[in-house]
Each structure stands twice: as structure tokens, then as C-alpha cells.
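What follows is the residue order along each chain.
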Amino acid sequence: MPRNLLAVSGEAARQYAHDELRRAILLGDLVPGQRVLETEFAERLGVTRAALRAALLDLSVEGLVERVRHRGARVRVVTVEEAVTITECRMVLEGLCAARAAVHATDSQIDELDELLARMTTAVAQSAVVAYSDLNRRLHARVNELSGQRMACELLDRLNAQLVRHHFHLALRPGRPAQSLREHQALVEAIRARDPRAAETAARSHAAGVIQALRGTPAPAAPTAFASPFRQETRS
């Protein structure tokens, strides 16, 4: 693996290690419960152990990594109940962002949402779970961005990062992608209608659907590869 060209220690190295580890967690190259051995991963990334340790501290604050007594750091395992609690928080923030997006988004920006929806529709028809999961994430991120609510976007980014594995597993559940697609269609339709109340309701309804799916209850009827240094499983 190529060494970090920025620096092996200091702030640049800490940020580099943080970004690489975070990306690996979000892509599933580092899985829940997997240990992150300081010596091994510092060598992989070409940074000092101090820089790696600082990066792991940042990731623990974000809820992606946890420290285990006498065992070091590992990727945090998020239980279903924790995922439900996090999604309840998302419900409020995403409702706010959807309402603001309905007010602030331009026609061309809403066209971007429609394009993402079209690609999501294709992914559902082709049972392309990975593609759908990625497009789902991108649609939410774009709606949040169009809201102009920078603080809400930052909070949602942290919350969503903790749920990445649950989102992927939900996409594997029979019927869930199609239901999710209908929920997203309602959201974009409300934004195009410039109806902030309907947009907030649609966003909250989608989050409620996610919670129901997480708990395993039926939802109500409703209308590029990253070259990661972490592909190989680490020692346990």
C-alpha cells in the first residue's frame, strides 16, 4: 500500500488516517466487531501510531469505533435498538431538511433528485442491492444539502455513518427496496410541489418505515470501486 504522501505524523497524518478508516467502515471493508490494531493499521496507512490513535479517538466520538478494555479499538457494533433510536433522531432532522429543501431547491436541482429516483427505480427492477443502497444514500445527502441546514447535515452525516450496515441489510430484505422507493418518490414529489409540510411528512414517514423494517414489522402499503487498504481481513 502506498504511504501517505502528506505526512507520517501530526495533524495531516491524523486527518488522513481518520478519512481512510472512516471510508473503509462505510464501504464495509472494516466490519462491525473487527479489531483495529494500532501497529498494523499505522503501518498500512504509513502514519505513526500516535496519529492513528488520534484518528481512532475522533472515530469513537463519531460512534464508529469503540475502545474495549485490554483489547484496543474495534469497529462499533450497532444493535437494532440502537439503530431504531438513531433513526428516530434522523426522523426529526430529515423532516427539517426536507421542508427546507421544498422551499429553497431550484427546478434544476429537483431535476437532479428525479434523475436519482429514475436510477433507483432501475436498480429495484434489476435487484441491484448495492447500487440501490448507494443511490438511496446519495438522494438523502442531496436533499439534506439542498436544505441549506449545515448543522443538520453534519449531524445526519454522523448518524447515518453508524447505520450503514443496517441500511445495506434492509436493502436485502424482500420487498423493502420497492417500499423504500415509493417513500422516496413521495418525498421528491412534495419537494417539487414546493410543499414544505408534505415534504416533512414524507421524510418522517420514510424514517418510520425504516424503523418498522428494522424491527421486522410489516410496513404499511404506500403508494465505482474504491482501492482500499483494508480489503484483507485483519487478525482477530
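Below is a summary of the structure that appears in this document. (Residues numbered from 1 in each chain as written. Predicted model: local features only at pLDDT ≥ 70, side-chain atom pairs only at ≥ 80, totals over all residues. Heavy atoms only, no water.)

## Here's the deal with the overall build of the protein chain
Formally: Strands are runs of DSSP state E lasting at least two residues, helices are runs of H or I lasting at least four, and both sets are numbered from the N terminus onward. Throughout, exposure labels follow a simple rule: accessible area from a 1.4 Å probe, protein chains only, divided by the maximum for the residue type, with under 20% read as buried, over 50% as exposed, and the rest as partly exposed. Per-residue and other accessible areas follow the Shrake-Rupley method at a 1.4 Å probe size, with only the shown protein chains counted as cover for residues.
Looking only at helices and strands, one finds 10 helices and three strands in the protein chain. Seen in sequence order, the protein chain has helices and strands lined up from the N terminus as α-β-α-α-β-β-α-α-α-α-α-α-α. The burial tally for the protein chain puts 44% of its 236 residues in the buried class. As displayed, the protein chain offers around 12,300 Å² of accessible surface, 55% of which is attributable to carbon and sulfur atoms.

## Topic: the pairing of strand β3 (residues 72-75)
For the record, the criterion: Pairing between two strands requires that DSSP report at least two bridges joining them.
Summarising the sheet, strand β1 (residues 35-36) and β3 pair through two bridges and their orientation is antiparallel. Pairing of Arg35 across the sheet is with Arg74, part of β3. Two strands pair when backbone bridges link them, and strand β2 (residues 65-68) and β3 are joined in this way by four bridges, in the antiparallel orientation. In the strand pairing of β3, Val65 is matched with Val75.

## What about the environment of His184?
Put simply, the rule reads: Contacts are assigned to residue pairs with any non-hydrogen atoms lying within 4.5 Å of each other. Pairs of N or O atoms are called polar contacts if they sit within 3.5 Å, as long as, within protein, a hydrogen donor faces a hydrogen acceptor (for residues adjacent in sequence, only side-chain-to-side-chain pairs).
Relative to the helices and strands, His184 resides in helix α9 (residues 176-192). Using a relative accessible area of 1% as the deciding quantity, one classes His184 as buried. Along the sequence, His184 and Ser205 sit 21 residues apart, while their C-alpha atoms lie 9.8 Å from each other. Non-local contacts of His184, meaning those with residues more than four positions away in its chain, are made with Leu117, Met120, Tyr132, Asn136, Leu139, His140 and His206. Separated by 2.9 Å, the side chains of His184 and His140 make a polar contact.

## Side note on the sheet that holds β1
Remark on secondary structure: sheet strands pair via backbone hydrogen bonds, oriented parallel or antiparallel. Spatial ordering of the open sheet is given by β1-β3-β2, a layout of three strands whose pairing is antiparallel. Every interior strand has two partners, whereas the edge strands, β1 and β2, have only one.

## Overview of the nonpolar core
What counts is decided by this rule: Take the buried Ala, Val, Leu, Ile, Met, Phe, Trp, Tyr and Cys residues and link them wherever side-chain atoms come within 4.5 Å; each set so joined is a nonpolar core.
If you look at the biggest cluster of nonpolar residues, it comprises 23 residues, and the most contacted ones within it are Leu113, Met120, Leu139, Leu187 and Ile191. Taken together, the elements giving at least two residues each to this core come down to α4 (80-104), α5 (107-125), α6 (129-147), α9 and α10 (196-215). A per-element tally of this core places α5 first, with six residues. Listed in part, the 22 residues of the second largest apolar core include Ala17, Val36, Val47 and Ala51.

Any link to function would need more than the numbers given here.
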